[in-house]
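A look at the structure
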Amino acid sequence: MSDAVVERAPAKINLDLRIVSREPDGYHRLETIFQALELHDVIEARAADTMSLRVDGAIDVGPEGDNLVMRAARAFRDAVPGAPLAAIRLVKRIPAGAGLGGGSSDAAAALRALDRLAGSALPDEALSDIGVALGSDVPFFLCGSPLARATGRGEILEPLPVLEPAHVVLVDPGFPVSTRDAFAWWDERHGGAPAEAARRARADTHAPIDSFAALAAHARNDFEEVVFERHPPLGAVKAGMLAAGAIGALLSGSGSCVYGIFEDERSTESAARALHELVPDARVLRTRTAR
Ligand code: C5P
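As the structure is a computational prediction, the values presented were derived from the model and not from experiment.

What counts and how
- Residues numbered from 1 in each chain as written.
- Predicted model: local features only at pLDDT ≥ 70, side-chain atom pairs only at ≥ 80, totals over all residues.
- Heavy atoms only, no water.
- Helix = DSSP H or I, 4+ residues; strand = E, 2+ residues; numbered from the N terminus.
- Rg over C-alpha atoms; globule rule 2.2 N^0.38 Å.
- Contact = heavy atoms within 4.5 Å.
- Areas by Shrake-Rupley, 256 points an atom, 1.4 Å probe, with all protein chains shown as cover.
- Lys, Arg positive; Asp, Glu negative; His and termini not counted.
- Charge placed at Lys NZ, Arg CZ, Asp CG, Glu CD.
- Phe/Tyr/Trp six-rings, centres within 6.5 Å; stacked < 30°, edge-to-face > 60°.
- Buried < 20%, exposed > 50% of the residue type's maximum accessible area, 1.4 Å probe, protein only.
- Lys NZ or Arg CZ within 6 Å of the ring centre and 35° of its normal.
- Pairing = 2+ DSSP bridges.
- 1 Å grid on protein atoms, 1.4 Å probe; cavity = no way out; pocket = protein on both sides within 12 Å on 5 of 7 lines; lining within 4 Å.
- Points joined across faces, edges and corners; volume = space filled by probe spheres on them.
- Near = heavy atom within 4 Å.
- Polar contact = N/O pair within 3.5 Å; in protein donor to acceptor, adjacent residues only side chain to side chain.
- Sits in = over half its atoms within 2 Å of the grid points.
- Nonpolar A, V, L, I, M, F, W, Y, C, P; charged D, E, K, R; others polar.

**Points about the overall build of the chain**
For the chain, the helix and strand inventory stands at ten helices and ten strands. For 291 residues, the compact-globule estimate of 2.2 N^0.38 gives 19 Å, and the C-alpha radius of gyration of the chain, at 19 Å, lies within 12% of that figure. If one aligns the C-alpha atoms of the chain with their principal axes, the spans along those axes are about 55 × 45 × 35 Å. Considering only residue pairs separated by 6 or more positions, the chain has 74% of its internal contacts joining residues 24 or more positions apart. Of the roughly 13,000 Å² of accessible surface on the chain, 50% is carried by carbon and sulfur atoms. Taking the 31 positively charged and 41 negatively charged side chains of the chain as two groups, their mean positions are separated by 1 Å.

Set out below in structure tokens:
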């Protein structure tokens, strides 16, 4: 049996997220800062007679044939017709529909794994082009840096110097928020063209980043107002994180996960206990930023 190639698929949080405008094609221009986490899924791929996917783990990701990993595999074979077929195994740990980029990261890891099996058939740019067609967050997971500023749909990436690792507490409320819905809620509220938000975005997100604390001082996520309005417990979780000593707390992506960043591990233990009492039905996870 051939050897498996193994790729880590990290989760991400958005340290800052501004929606700049709605474009004529319906997509939105963003300015955001992605940070990868130690929390990760794993993709294993080995050459096989047919393309297949098996998902292991406690997270329900729906039918395997619809999984972004299989869409990535089909797109890779379209780009490299002679590439080997592969039996892919996904070990799933990152909550789904939570704004943690799990599906996008799995797709990026699958593209990397398939490219390795094909003897590095594609240049990075071609992989990124396949990636962005699968999802706007996929190029970040292909860019090779755990910290990056992103513009456009999220595919124009500027890797940033990595920061000293920080501790992260994640609250997964156990229900998904659809990214498409969250953008539609934002459009309803803002009519798609907030000139003032665009100015704010450029002023703040382009400041140099030398620590998580400095970043948290002016961080915002433009999805919070419309997502917290529909899911008030998420706003309470954010307040709970800050009350528990987080140096910053924000909705990740379009949610549903809220994260807090902490400077030391002990404070994450007491924060996790306090959050568990506040939202007993939610899952509270502890991890660190990746470097
Ligand atoms: O790109 P992705 O498939 O992750 O996006 C899901 C949906 O979110 C898109 O169909 C689109 O409606 C919306 N979206 C957007 N602007 C972006 C990214 C996503 O409007 N920059």
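And the narrative resumes.
**Quick look at the packing of aromatic side chains**
Throughout the structure, instances matching the rule amount to three aromatic pairs. Between Phe-34 and Phe-140 the ring centres are 4.6 Å apart and the planes differ by 20 degrees, which places this aromatic pair in the stacked class. Of the two residues, Phe-34 is situated in strand β2 (residues 28-47) and Phe-140 in helix α4 (residues 138-142); the sequence distance between them amounts to 106 residues. Looking at Phe-34, the relative accessible area reads 1%, which means it is buried. Here Phe-140 falls in the buried class, since its relative accessible area comes to 2%. Seen from their ring centres, Phe-183 and Phe-223 are 4.9 Å apart, and the 75 degrees between their planes marks the pair as edge-to-face. Taken together, the residues Phe-183 in helix α5 (residues 179-190) and Phe-223 in the loop between α7 (212-218) and α8 (224-230) connect sequence positions 40 residues apart. Accessibility expressed as a relative area gives 16% for Phe-183, which makes it buried. A residue is classified by how much of its surface remains accessible, and Phe-223, at 2% relative accessible area, is buried. Three or more aromatic residues joined by ring pairs make a cluster, and in this case those are Phe-34, Phe-140 and Phe-141. In this structure, Arg-153 is placed above the aromatic ring of Tyr-27, and the distance from its NZ or CZ to the ring centre is 3.8 Å.

**A word on unusual backbone geometry**
The omega angle of the peptide bond from Gly-255 to Ser-256 is 20 degrees, so this bond is cis rather than trans. Within the secondary structure, Ser-256 is located in the loop between β8 (248-251) and β9 (258-262). For Ser-120, which is not glycine, the phi torsion reads 55 degrees and is therefore positive. As for its position among the elements, Ser-120 is in the loop between α2 (102-117) and α3 (124-134).

**Quick notes on the pairing of strand β7 (residues 167-172)**
Taking burial as the measure, the six residues of β7 include six buried ones, the bulk of the element. In β7, alternate side chains face the same way, and those of His-167, Val-169 and Val-171 on one face and Val-168, Leu-170 and Asp-172 on the other are all buried. When β7 meets β9, the two strands line up antiparallel, connected through five bridges. Directly across from Val-169, in β9, lies its bridge partner Gly-260. Sheet analysis places β7 next to strand β10 (residues 283-288), joined by six bridges and oriented antiparallel.

**Things to note about the pairing of β2**
Most of β2 sits out of view: 15 of its 20 residues are buried. The pairing of strand β1 (residues 5-22) with β2 spans 15 bridges and is classified as antiparallel. If you follow Arg-22 over to β2, its bridge partner there is His-28. Between β1 and β2, which follow one another and run antiparallel, lie five residues, and Gly-26 among them has a positive phi close to 95 degrees.

**Quick word on the layout of surface pockets**
The volume enclosed by the largest pocket comes to roughly 1,400 Å³. Taken together, 47 residues make up the lining of the largest pocket; nearest its centre are Ser-104, Gly-135, Ser-178, Thr-179 and Arg-180. For the lining of the largest pocket, the elements supplying multiple residues, two or more each, are β1, β2, α1 (68-79), α2, α3 and α5. By residue number, the principal contributor to the lining of the largest pocket is α5, which donates five residues. There is about 220 Å³ of room inside the second largest pocket. Forming the boundary of the second largest pocket are 15 residues, of which Arg-8, Pro-10, Arg-112, Phe-141 and Gly-144 lie nearest the centre. Secondary structure elements with two or more residues in the lining of the second largest pocket: β1, β2 and α4.

**Points about the site of the ligand**
Around the ligand, a shell composed of Gly-26, Tyr-27, His-28, Leu-30, Gly-135, Ser-136, Arg-153, Thr-179, Arg-180 and Phe-183 is seen. Here an oxygen atom of the ligand sits 3.3 Å away from a polar atom, N or O, in the side chain of Arg-180. Among the detected pockets, the ligand sits in the largest pocket. Contributing elements (two or more residues each) for the shell around the ligand: β2 and α5. Counting residues per element, the shell around the ligand draws most heavily on α5, at three residues. When the residues that make up the shell around the ligand are grouped by side-chain class, the tally is three nonpolar, five polar and two charged.

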